[in-house]
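The lines below spell out each chain.
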Amino acid sequence: MKELLLKLLKLQAAEFDKPTPKITAAEIAEIRASVPPTILGHYDRLVARGKRGVAIVRNQVCTGCHMRLPIGTINTLMQGTDIQLCDTCGRYLWLEETPVAPEPEPVAPAKPAAKAKRRKKVAHAPA
Ligand SMILES: [Zn+2]
């Protein structure tokens, strides 16, 4: 299901990137041919009304209409098992991949690895 939406996204990117789509007309035709007609039909109806057919979901909000989405919709999107439409604007929803939290970079340069030396009793610095 995810692949299908990726195709729509690619298609959308191409169609909204006029006049210089990043993919060729042949590729567009290929994508269109591989998307089920019912889905493509709905997508095309949205595009015909000047809307993007696919809206990205960010922070559980549809970026197409800025409405918060029900958690059930988000869950289904996360499972990637089914295509979801926004209840409000009718766009296909694409859950933006949540970037894997980057490893927190140590701010200070890493100290030389302290060997498992037992720390001496900390001498209290004079006040
Ligand atoms: Zn929406």
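Heads up: the structure comes first, above all this text.
What you see is a predicted model; the values in this text were computed from it and never measured.

Attention now goes to the pattern of salt bridges. Close approach of charged atoms lets side chains of opposite charge pair. In this structure the tally under the stated criterion is two salt bridges. Two residues, Asp-44 and Arg-32, come together in a salt bridge whose shortest N-O distance is 2.9 Å. Of this pair, Asp-44 sits in helix α3 (residues 37–48) while Arg-32 sits in helix α2 (residues 25–34); the two residues are 12 residues apart in sequence, bridging distant segments of the chain. The salt bridge partner of Glu-96 is Arg-58, with a shortest N-O separation of 3.0 Å. Residue Glu-96 is located in the segment after β3 (92–95), and its partner Arg-58 is located in strand β1 (residues 54–58); the two are separated by 38 residues in the primary sequence. We classify Glu-96 as partly exposed; its relative accessible area is 31%.

Turning our attention to the coordination of the zinc ion. Ligation of the zinc ion by protein atoms is provided by Cys-62 (SG), Cys-65 (SG), Cys-86 (SG) and Cys-89 (SG), these donors lying 2.2 to 2.3 Å from the ion. One way to put it: the four donor atoms around the zinc ion meet at angles of 105 to 115°, and that makes the site tetrahedral. Of note, the donors binding the zinc ion are all from one chain and are spaced C-x2-C-x20-C-x2-C. Of this pair, Cys-62 sits in strand β2 (residues 61–62) while Cys-86 sits in the loop between α4 (71–79) and β3; the two residues are 24 residues apart in sequence, bridging distant segments of the chain. Relative accessible area serves as the criterion here: at 0%, Cys-62 is assigned to the buried category. The class for Cys-86 is buried, based on a relative accessible area of 3%.

What counts and how
Residues numbered from 1 in each chain as written. Predicted model: local features only at pLDDT ≥ 70, side-chain atom pairs only at ≥ 80, totals over all residues. Heavy atoms only, no water. Salt bridge = Lys/Arg side-chain N within 4 Å of Asp/Glu carboxyl O. Helix = DSSP H or I, 4+ residues; strand = E, 2+ residues; numbered from the N terminus. Buried < 20%, exposed > 50% of the residue type's maximum accessible area, 1.4 Å probe, protein only. Donors = N, O, S within 2.8 Å, 3.2 Å for Na, K, Ca; no water. Tetrahedral: all angles 85-135°; square planar, octahedral: opposite > 155°, others 65-115°.

Treat this as a map of the structure, not an account of what it does.
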